[in-house]
Amino acid sequence: MSDKLTVQSERVDDIPVLVTHQEHMGVPKLLDELYVSHGNRCGLSLGWLVVMWLAYVVSESDHRLSHVRKWARQRLETLQRCGGQVVTELDFTDDRLADVLQALSDDMRWSAFENALNGNLLRVYDLSTERVRVDATTASGHWTVTEEGLLQFGHSKDHRPDLPQVKVMLSSLDPLGMPVATQVVSGERADDPLYVPAITQVRQGLGRRGLLYIGDSKMGALATRAFVQAGGDYYLCPLGLVQLPADVVHSYLAPVWTEDQVLTPIYRQRADGRQEQIAEGFERTEELTAQVDGQTVGWTERRLVVRSLSLAQKAVRGLHARLTRAQAELTALTVRKRGKKVWREADELRQAVETILARRNVVGLLHVEVEEIIHERRLRAYGHRPATIRVEKELRLQVTVDKQAVQETEQTLGWRVYATNQRPKRLSLNQAVLAYRDQYGIEHSFHRLKGKPLSLTPMHLRSDERVKGLIRLLTIGLRVLTLLEFVVRRRLAQAHTVLTGLYTDSPKHATTRPTAERLLEAFKGITLTIIHLGDKVHRHVTPLSDLQQRILGLLGLSTDVYTRLSTISAQPP
């Protein structure tokens, strides 16, 4: 009697990397310790369900609950062998995934988990904790707004004020971009009051003081700066017009225009090793006092007055473009054309002029005079009407550019004032500018969180608790990506080497800063083939390429994470 032969295959791709990496991070262990499951719960623990769900999210760039079960059904062997857990299709039903989100929405347990995870990651990966960047973003969706709900209308960072939104405040290690604290608040909340709770969260989570907190101008409120100072930490942020009125900025810049103030050039090192001047500036100091929890706090603040060369050039080009457009629009006002309004009253025309100047933001830079010209028009006799002379009034505009005013305006462009309480020995003018310019790091994290691969938006949930739970779940995924990237880049730097082969269209392209997305994409196409023959089960996994083996080595992972999938075992009875 011949043995029955059956063959099946599973897409493995980057699943072993994602599952093993999360296990090294301590994600399943810490979740299972802090989120104790109900005694009657069967199947995968919450920790391992999160690990495998995140493997789906990152691998497929999709967070939808309804798609996970089918994905898992097609990869049961892979999931079981990667995690060493008994995995069934029923572990990934919508109800069980929704229970995960409900559990993660618990504020006290999440805070305990986040703190424990931070401590574990700092120790395991030897991460620097000198700087923390704090910023907020919003996620919009087609939701029903309730009075006390999490989803509200507010100032949209997605440029969708017509949609309700939720706000997410992330505090991340800089320049790594790995979150250490997450706040999820209702969408109508302003950013300014969120900084103090965010910094408090970081202090509790990291258990350290003396950190430099970096934020945008919304962090510049005096109360926030005083709170940081009182807690033994440091801040770096630009000051907006609310904190620093225009006349104060003008007083700072006046010595520059009279050439009494020496400017310090600010440099950045290019990829080729050359130094490139990117800005120039100088420092001022101010003595400040404020009340924090009923106590008076006093300190010396450094004001870093900086002119970005590229920003100034761009602003000057924009200024002249606005002047050109304004002049064209003003000239067109009095050009006669069929169907076009003819101006009869000077005051009415002056109002139209003021509207154009204000819209183009060139008030005071163009001088516009309204001229009234009187014409006599002779009308010939017609029928019983005698010949007459009609007096007509024509309005014309005389537009001139105030070159002196334009030059003075150009001098003010590109300047920004940063505030910090950090000592110059620890944070020089040059270092402060470069530190703030690393803002792209957290913006990249927001892009990952809301776009691919974590794909928070569009969000297919309605419950506030599940929305909060999903955001927290995806911030774990953000940690997974940033650490994958960090480990590979650090080891490349330590070995003074590069990685090639990541770009299929340019296989010889070398990089020292590969992205997590590129690294994971290199594992696409790996397949597990399972052959059932009689009482034996033969498994074969696609052989790893040299590039894949090298990436595993850079991640500190053994090729065993893939080869253990291909074994021969006895057929279970």
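Note that this is a predicted model, so its numbers are computed, not measured.

Chemist: Any chance you could explain the pairing of strand 8 (residues 275–292) here in plain terms?
Modeler: One face of the sheet, then the other: side chains in a regular strand alternate in exactly this way. Bridge count between strand 7 (residues 264–269) and strand 8: 6 bridges; the pairing is antiparallel. Counted as the bridge partner of Q269 is Q275 from strand 8. What sits between strand 7 and strand 8 in their antiparallel hairpin is a turn of 5 residues, with G273 showing a positive phi close to 95 degrees. Inspection of the sheet shows strand 8 paired to strand 9 (residues 295–308) by 14 bridges, in the antiparallel sense. Across the sheet, the residue bridging to Q291 is T296, located in strand 9. The loop that links strand 8 with its antiparallel partner strand 9 comprises 2 residues; one of these, D293, has a positive phi angle of about 55 degrees.

Chemist: Would you mind showing me how to read the packing of helix 3 (residues 46–60) against helix 6 (residues 94–104) here?
Modeler: Any two packed helices are characterised by how steeply their axes cross, that is the angle between the axes, and by the distance between the axes. Remark: helix 3 packs on helix 6, axes separated minimally by 11 Å, with the N-to-C direction vectors making an angle of 105 degrees. As summarised for this structure, helix 3 and helix 6 are arranged roughly perpendicular, according to the angle between their axes. Packed against helix 3, whose contacting residues are L46, L49, V50 and W53, the element helix 6 presents R96, L97, V100, L101 and A103 at the interface. Looking at side-chain class alone, the contact of helix 3 with helix 6 contains 8 nonpolar, no polar and 1 charged residues.

Chemist: Which parts of the structure should I look at to understand the sheet that holds strand 6 (residues 234–238)?
Modeler: Within a beta sheet, neighbouring strands are joined by backbone hydrogen bonds and run either parallel or antiparallel to one another. Taken in spatial order, the 9 strands make up an open sheet running 4-3-2-5-6-12-9-8-7, and their pairing is mixed. A strand with exactly one partner marks an edge of an open sheet, and here the two such strands are strand 4 (179–186) and strand 7. Each strand of the sheet is rotated relative to its neighbour by a mean of 25 degrees, with strand direction disregarded. Bridge count between strand 6 and strand 12 (residues 415–420): 3 bridges; the pairing is antiparallel. By the bridge assignment for strand 12, C237 is matched with A419. Along the sheet face, helix 7 (residues 107–125) touches strand 3 (165–173) and strand 4 and points at about 155 degrees away from the line of strand 4.

Chemist: How do you make sense of the environment of S61 when you look at a structure like this?
Modeler: Here S61 lies in the loop between helix 3 and helix 4 (68–73). Judged by its relative accessible area of 23%, S61 is partly exposed. As for S61 and N361, which are separated by 300 residues in sequence, their C-alpha atoms are 43 Å apart. With near-sequence residues (within four places) excluded, S61 lies in contact with Y56, K452, P453 and S455.

Chemist: Help me out: how do you make sense of the pairing of strand 4 in this one?
Modeler: Buried residues dominate strand 4, accounting for 8 of its 8 residues. Here strand 3 runs beside strand 4; their pairing, made up of 7 bridges, is antiparallel. Bridging across to strand 4, K167 finds its partner in V185. The antiparallel hairpin formed by strand 3 and strand 4 contains 5 residues in its connecting segment, where G177 sits at a positive phi of about 90 degrees.

Chemist: Could you clarify how one ought to interpret the packing of helix 1 (residues 15–25) against helix 7 in this entry?
Modeler: Between helix 1 and helix 7, whose axes approach to 9 Å, the crossing angle comes to 100 degrees. Relative to helix 7, helix 1 is oriented roughly perpendicular. Of the residues in helix 7, those in contact with H21, H24 and M25 of helix 1 are L117, N120, L121, V124 and Y125.

What counts, and at which threshold
- Residues numbered from 1 in each chain as written.
- Predicted model: local features only at pLDDT ≥ 70, side-chain atom pairs only at ≥ 80, totals over all residues.
- Heavy atoms only, no water.
- Pairing = 2+ DSSP bridges.
- Helix = DSSP H or I, 4+ residues; strand = E, 2+ residues; numbered from the N terminus.
- Axes fitted to C-alpha atoms, helices over the stretch in contact; angles between N-to-C directions.
- Parallel < 35°, antiparallel > 145°, perpendicular 65-115°, else oblique.
- Contact = heavy atoms within 4.5 Å.
- Nonpolar A, V, L, I, M, F, W, Y, C, P; charged D, E, K, R; others polar.
- Buried < 20%, exposed > 50% of the residue type's maximum accessible area, 1.4 Å probe, protein only.

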